[in-house]
Amino acid sequence: MASDLLSIAASGARAARGALDVTAQNIANASSDGYVRRSLRIEEVSASGGAGRIGDISLSGARVAEIRRNADAFLQGEVRRTSGDLARANVELTGLSNMESALEQSGVFTSIVEFEAALQQLAGDPVDPSRRAAVVAEASTLANKFNITASGFDAVGDGLRFDAEAQISDANIIGGELARVNLRLTRAGSGSSDRAALLDQRDQLLERLSGFTALTTSFAADGTVAVSLGTNPPRSFVQGGNAGTLSSATAADGTLSFAVDGQAVSPGSGSLAGASLALTELAAVRTRLDTVAATIADAVNNAQAAGVALDGTQGQPIFSGSTAGTLRVVMSEGRGLATAPAGAGASSRDDANLNALRQSLAALDPAQELSGILFDVSSKVAGRNVTQSALETIASSARISLEQQSGVDLDSEAANLIRFQQAFQASGRAMQAASDIFDTLLGIGR
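Rules used throughout
- Residues numbered from 1 in each chain as written.
- Predicted model: local features only at pLDDT ≥ 70, side-chain atom pairs only at ≥ 80, totals over all residues.
- Heavy atoms only, no water.
- Core = buried A, V, L, I, M, F, W, Y, C linked by side-chain atoms within 4.5 Å.
- Buried < 20%, exposed > 50% of the residue type's maximum accessible area, 1.4 Å probe, protein only.
- Helix = DSSP H or I, 4+ residues; strand = E, 2+ residues; numbered from the N terminus.
- Contact = heavy atoms within 4.5 Å.
- Salt bridge = Lys/Arg side-chain N within 4 Å of Asp/Glu carboxyl O.
- Polar contact = N/O pair within 3.5 Å; in protein donor to acceptor, adjacent residues only side chain to side chain.
- Phe/Tyr/Trp six-rings, centres within 6.5 Å; stacked < 30°, edge-to-face > 60°.
- Pairing = 2+ DSSP bridges.
- Axes fitted to C-alpha atoms, helices over the stretch in contact; angles between N-to-C directions.
- Parallel < 35°, antiparallel > 145°, perpendicular 65-115°, else oblique.
- Left-handed = near helix turned anticlockwise from the far one by under 90°.
- Nonpolar A, V, L, I, M, F, W, Y, C, P; charged D, E, K, R; others polar.

A.B. asks: Help me out: how do you make sense of the nonpolar core in this one?
C.D. replies: Across soluble globular proteins, nonpolar side chains have a tendency to be buried as a group. Of all hydrophobic cores here, the largest spans 75 residues; its most connected members are Phe146, Leu178, Leu209 and Phe319. Looking at which element gives the most residues to this core, the answer is helix α4 (residues 129–188), with 18 residues. If we ignore the near neighbours within four places in the chain, the residues touching Phe319 are Ala139, Leu142, Ala143, Ile296, Ala297, Val300, Asn301, Leu327, Arg328, Val329 and Val330.

Written out as structure tokens, the structure is:
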């Protein structure tokens, strides 16, 4: 009986010691990134029959059956999905906000209005040198404002593409790390001491990767994961110990396309999707801005060609270039303004050609067109702000749910520490009782 009691008590002490080790591990890693709380499952050692046993009642002690990672695949998947959606919204909103700033801060709208006002002032006295000089100066300012806006758009696009390239590089590094973790998991086996740490590393890498693009994952029984990136359709990226290569290409309009091992893919979510959406919008707004610049240049230059300058010669172009970035003023002096119609003499006060230009600009209404561009961008910024706030709340809720399920609660671990310590001490008392009984039996034998 004493030997049975001793073995039972020893098994209880070993189980309690294992539980204390797991608890201590949780406490030590409470602040470790990506750590998933461990829990211990203790089970009865099954045995029946034998001397000193009644019927099939098992009196064989306890053992550590399993050390579990308290990971929930569904909650982890939700964190990856919602984090990817939030990353997409953040990058798209940043791009749109920067576009809005480029439009507003350049002052191009005000410059269009002031250019048209200078033309109106000139109509009051078409031969006044100061008024003519003012029109040329306002034209030069207008071209400069378009150039500044275009440069601002270039900076927005360059920033988005630079960040996207950096993220693609990070994604490829993560893919390689996932492949190595897969190899280590296949070699570790279910009883390996570092298996749980490898699974933590795997899940952390997947979460980081989901911040760049949509993921499709498939988990094997040994813990290895197969990963496909993007949508329409997803492309295989990590398979066993092999990782593919994510790449991008820049189109003539500055937009990005993506591929995995040369196969086209749409990011779907994540920061790369946000960059793609922002760059697509940037290209569309840039086209509209270029159209406004070209409209103004064409209307002014066509009017110049239809009239005569102050010296009676045919009017020459004021602007060169056909985009916001290339628009330049090529006229240096106000006397070149063709305010009079063709056939008029030198120093003519006939402003028919100037009025035709003003009517042409009024019909085209470039100021209203630019105001429409700014309004559309501002509306999208406001809408994306609402979307981003909602996605932020959703992502935060998903993370809180995951942390409640798999994170370390120090209060609970402190209670476990006391409980398992008492269990260990009780098993020690049982072993002491077994020793006392054994000594007593030896004394009786003598």
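From this point, the discussion proceeds with the structure in view.
A.B. asks: Even after reading the chapter, I still don't get the pattern of salt bridges, so can you show me in this structure?
C.D. replies: Two side chains bearing opposite charge may form a pair once their charged atoms approach each other closely. This model, assessed by the stated rule, comprises 16 salt bridges. The partner of Arg17 in a salt bridge is Asp21, and the shortest N-O contact between them spans 3.3 Å. Taken together, the residues span about one helical turn, with Arg17 and Asp21 both in helix α1 (residues 2–28) at a distance of four residues. Note on Asp21: relative accessible area 41%, which makes it partly exposed. For Glu78, the salt bridge identified is with Arg81, shortest N-O distance 2.8 Å.

A.B. asks: For this particular structure, what's the right way to read the side chain of Thr255?
C.D. replies: Checked against the element boundaries, Thr255 lands in the loop between β7 (246–250) and β8 (256–260). There is a polar contact of 2.7 Å between the side chain of Thr255 and the side chain of Asp253. Setting aside its immediate chain neighbours within four residues, Thr255 contacts Ala249, Thr250, Leu279, Thr280 and Ala283.

A.B. asks: Honestly, the packing of aromatic side chains in this entry has me stumped. Any pointers?
C.D. replies: Aromatic rings in a pair are described by how distant their centres are and how their planes are angled relative to each other. Applying the stated criterion to the full structure yields one aromatic pair. Each ring, one from Phe115 and one from Phe319, has its centre 6.3 Å from the other, and the planes form 70°; the classification is edge-to-face. Separated by 204 residues along the polypeptide, Phe115 in helix α3 (residues 108–124) and Phe319 in strand β11 (residues 319–320) bring together distant segments of the chain. For the pair formed by Phe115 and Phe319, the shared burial category is buried.

A.B. asks: Looking at this structure, I do not really get the pairing of strand β5 (residues 235–239). What am I missing?
C.D. replies: Here is the key point about a regular strand: its side chains alternate between the two faces of the sheet. Bridging between strand β4 (residues 225–229) and β5 involves three bridges; their strand directions are antiparallel. By the bridge assignment for β5, Leu229 is matched with Arg235. In textbook terms, the turn of a hairpin is the stretch between consecutive antiparallel strands, and for β4 and β5 this stretch comprises five residues, one of which, Gly230, has a positive phi near 75°. Pairing analysis gives two bridges linking β5 to strand β6 (residues 242–243), with the strands arranged antiparallel. Across the sheet, the residue bridging to Gln239 is Asn242, located in β6. Taking the residues between adjacent antiparallel strands as the criterion, β5 and β6 are bridged by two residues, where Gly240 takes a positive phi near 60°.

A.B. asks: Can you help me understand the packing of helix α2 (residues 73–106) against α4 in this one?
C.D. replies: Angle between the axes and distance between the axes are the two parameters that describe a pair of packed helices. For the pair α2 and α4, interaxial distance at closest approach is 8 Å and the crossing angle is 165°. Relative to α4, α2 is oriented roughly antiparallel. Between α2 and α4 lies a crossing whose hand is right-handed. In contact with Val91, Gly95, Asn98, Met99, Ala102, Leu103 and Ser106 of α2, α4 contributes Lys145, Ile148, Thr149, Gly152, Phe153, Val156 and Leu160. Here the residues of the contact of α2 with α4 are counted per class, giving eight nonpolar, five polar and one charged.

A.B. asks: How should the sheet that holds β8 be read in this particular structure?
C.D. replies: Consider a sheet: its strands pair through backbone hydrogen bonds, and that pairing is either parallel or antiparallel. Strands sit in the order β7-β8-β9 across an open sheet of three strands; the sheet is antiparallel. Both edges of this open sheet fall to β7 and β9 (263–265), since each of them pairs with a single strand only. For this sheet, the mean inter-axis angle between neighbouring strands, taken without regard to orientation, is 40°. Here three bridges tie β8 to β9, and the two strands are oriented antiparallel to one another. Bridge assignment links Phe258 to a residue of β9, and that residue is Val265.

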